[in-house]
Amino acid sequence: MNGIRSFDSRLVRIPLHRPWGPDVTSVVVLPTRVELDDGAVGFGFSWTPTIGAEAVLALLQHDIWRTAIGRDGDPEAIWQSVWEHLHEAGGGGLTTIALAGLDLALWDARARANGCSIADEIGIRHRSVEVYGSGVNLHYTTDELLAQVQRWIDAGHDAVKIKVGRPSLAEDVDRVRAVRELLGDDRRLMIDANQRWDLERATTAMQALEAFDPAWIEEPLRAEDLPGHIVLAGRTSVPIAVGENLHTRQRFDEFLQSGAAGVVQPNIVRVGGITPFRRIAAAALEHGVPLYPHLLPELSGQLALTLDGAGAAGIGPAGSVLVEDVEDAGFGELGALRGPSPVRIADSRLTQTGSPGLGLLFTEGFTS
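Parameters at a glance
- Residues numbered from 1 in each chain as written.
- Predicted model: local features only at pLDDT ≥ 70, side-chain atom pairs only at ≥ 80, totals over all residues.
- Heavy atoms only, no water.
- Helix = DSSP H or I, 4+ residues; strand = E, 2+ residues; numbered from the N terminus.
- Rg over C-alpha atoms; globule rule 2.2 N^0.38 Å.
- Buried < 20%, exposed > 50% of the residue type's maximum accessible area, 1.4 Å probe, protein only.
- Contact = heavy atoms within 4.5 Å.
- Areas by Shrake-Rupley, 256 points an atom, 1.4 Å probe, with all protein chains shown as cover.
- Lys, Arg positive; Asp, Glu negative; His and termini not counted.
- Charge placed at Lys NZ, Arg CZ, Asp CG, Glu CD.
- Arc of directions from axis to C-beta.
- Polar contact = N/O pair within 3.5 Å; in protein donor to acceptor, adjacent residues only side chain to side chain.
- Salt bridge = Lys/Arg side-chain N within 4 Å of Asp/Glu carboxyl O.
- Patch = residues over 30% accessible without salt bridge, like charges linked within 9 Å, V, L, I, M, F, W, Y side chains within 5 Å.
- Pairing = 2+ DSSP bridges.
- Expected span 1.5 Å × (residues − 1).

Peer 1: Honestly, the overall build of the chain in this entry has me stumped. Any pointers?
Peer 2: When its secondary structure is counted, the chain shows eleven helices and 13 strands. Taking 368 residues into account, the globule formula puts the C-alpha radius of gyration at 21 Å, and the chain, at 20 Å, falls close to it. Overall size of the chain, expressed as C-alpha extent along the three principal axes, is 60 × 40 × 40 Å. Looking at the chain as a whole, 57% of its 368 residues qualify as buried. Long-range pairs, those at least 24 residues apart, make up 71% of the contacts in the chain with a sequence separation of at least 6. With an accessible surface of roughly 14,200 Å², the chain has 48% of that area assigned to carbon and sulfur atoms. Each charge sign in the chain was given a centre, from 32 positive and 49 negative side chains, and these centres are 2 Å apart.

Peer 1: Would you mind going over helix 8 (residues 226-233) with me for this structure?
Peer 2: Because each turn of an α-helix spans 3.6 residues, side chains separated by three or four positions in sequence point in the same direction. The set of residues buried in helix 8 consists of Leu226, Gly228, His229 and Leu232. Buried residues along helix 8 cover an arc of 155° about the axis, so they all sit on one side. Close packing links the buried residues of helix 8 with helix 7 (199-209), strand 9 (240-242) and helix 9 (249-258). Between the side-chain oxygen of the N-cap and the backbone nitrogen of Gly228 there are 2.8 Å, and the N-cap of helix 8 in question is Asp225.

Peer 1: What is the right way to read the pattern of salt bridges from this model?
Peer 2: Side-chain pairs of opposite charge can arise where the charged atoms are in close proximity. All chains considered together, the criterion is met by 21 salt bridges. In this structure, Arg13 and Glu54 form a salt bridge, with 3.3 Å as the shortest nitrogen-oxygen distance. You can see Arg13 sitting in strand 2 (residues 12-15) and its partner Glu54 sitting in helix 1 (residues 53-68), a full 41 residues away along the chain. Overlapping salt bridges bring together Arg18, Arg151, Glu327 and Asp328 as one network.

Peer 1: Teacher, can you tell me more about unusual backbone geometry here?
Peer 2: Backbone geometry follows two general trends: most residues other than glycine have a negative phi, and most peptide bonds adopt the trans configuration. The backbone of Leu295 sits at a positive phi, close to 55°, despite the residue not being glycine. Within the element layout of this structure, Leu295 appears in the loop between helix 10 (274-287) and helix 11 (297-304). By relative accessible area, which is 11% here, Leu295 ends up buried. In the Ramachandran plot, Leu296 falls in the positive-phi region, its phi being about 50° despite a non-glycine side chain.

Peer 1: I tried to follow the side chain of Gln265 on my own but got confused; where do I start?
Peer 2: Tracing the chain through its elements places Gln265 in the loop between strand 10 (263-264) and helix 10. When residues no more than four places from it in sequence are discounted, the contact partners of Gln265 are Tyr132, Lys161, Trp216, Glu218, Ala241, Val242, Gly243, Glu244, Phe252, Tyr292 and His294.

Peer 1: Explain a negative patch on the surface to me, please; I cannot follow it from the model alone.
Peer 2: Judged by side-chain charge, Asp158, Asp185, Asp186 and Asp213 come together as a negatively charged surface patch. With respect to the helices and strands, the residue Asp158 is situated in the loop between helix 5 (142-154) and strand 6 (159-163). What makes Asp158 partly exposed here is its relative accessible area of 39%.

Peer 1: Please clarify how the pairing of strand 5 (residues 129-134) should be interpreted in this entry.
Peer 2: Two faces make up the sheet, and in a regular strand the side chains alternate between them. Of all six residues making up strand 5, six are buried, and the element is well covered by its neighbours. Direction of pairing for strand 5 relative to strand 13 (residues 349-352): antiparallel, over a ladder of two bridges. Considered in strand 13, the bridge of Val129 is made with Leu350. Note: strand 5 against strand 11 (residues 322-326), five bridges, orientation parallel. Counted as the bridge partner of Glu130 is Leu322 from strand 11.

Peer 1: Help me understand helix 5 in this model?
Peer 2: With 13 residues, helix 5 should cover 18 Å at 1.5 Å per step; its first-to-last C-alpha distance of 18 Å lies within 8% of that length. Among the residues of helix 5, those classed as buried are Leu145, Gln148, Val149, Trp152 and Ile153. Around the axis of helix 5, the buried residues are gathered within 145° of arc, so they sit on the same side. In helix 5, the exposed positions that point more than 90 degrees away from the buried face belong to Asp143 and Asp154. The secondary structure elements touched by the buried residues of helix 5 are strand 5, strand 6 and helix 6 (169-183). Positive phi shows up at Gly156, right after helix 5, with a value of about 95°.

What follows is the structure, encoded as structure tokens:
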């Protein structure tokens, strides 16, 4: 067994060029470093936009550190037992966000030891994957929103996502109509309510917004409301996308088995890292539901290159995978990386650059 010799973590706060709202002007990354008995070193991270960063750091520096030292350095061998160790503090959420910091570092160490990228370590299935333009734009004026959509069009995107959930449904309708007119009929439009509606409001909203042919409605209800999602799926013809705020494979299984999920969007950090992400991807494939990873394109894009989309009737060509790129929010764009990005995005396609491991080494230059 190649055991874990050391594990450490820190907290850095990264200012956003385009605030996600008056109370979200930065995001937090918690870089991690693991060293194995044979000298192999790996670098990972945990991440949270606003809530719980210090709690995640405490879990990393106390509970995860204590249980990791001396354990097997194989991420797939160790993940379940560390998750069970943390479970008393919660099956998902802060615990899985923190656990991702260990899991990603161990996968990085494995790939670096083998002299390859994480996508090559897992197994490449796509030379490139499609990227869609996305933004945290509910607070934008309509003119600002349309200007952002135009930038995505100019960048070559054929699929874009905007926020809905304004206080007045009429405002949502007017904004979605304006975006659809700018996009035309050939480009795909996705809408994201970020859990702002209850079931009745969601039903009414979707009856009004279906006219604009959205490819999916994302998080129309609170993430925990599985019964509500089941009912809403029977009331709208628009696929329901879930997963950004589901934290365990068990929750994904429940949504997949219920038939309520038309698209699943696991966030690789929030579910606990690459190990559980791959298990969720296998479950989605088994149910024939497309999986499009949430946010963090420098990480999720590399994993997307390894996904088998066969059998999933997605919104693009059969077997295709979509990666989300929020405008001006990539780690490279924010100046958060010490080296080049491990992915390249051009003409709405993402490719890897061949950086070893995850290829994500974070700068020391932000406020800790």
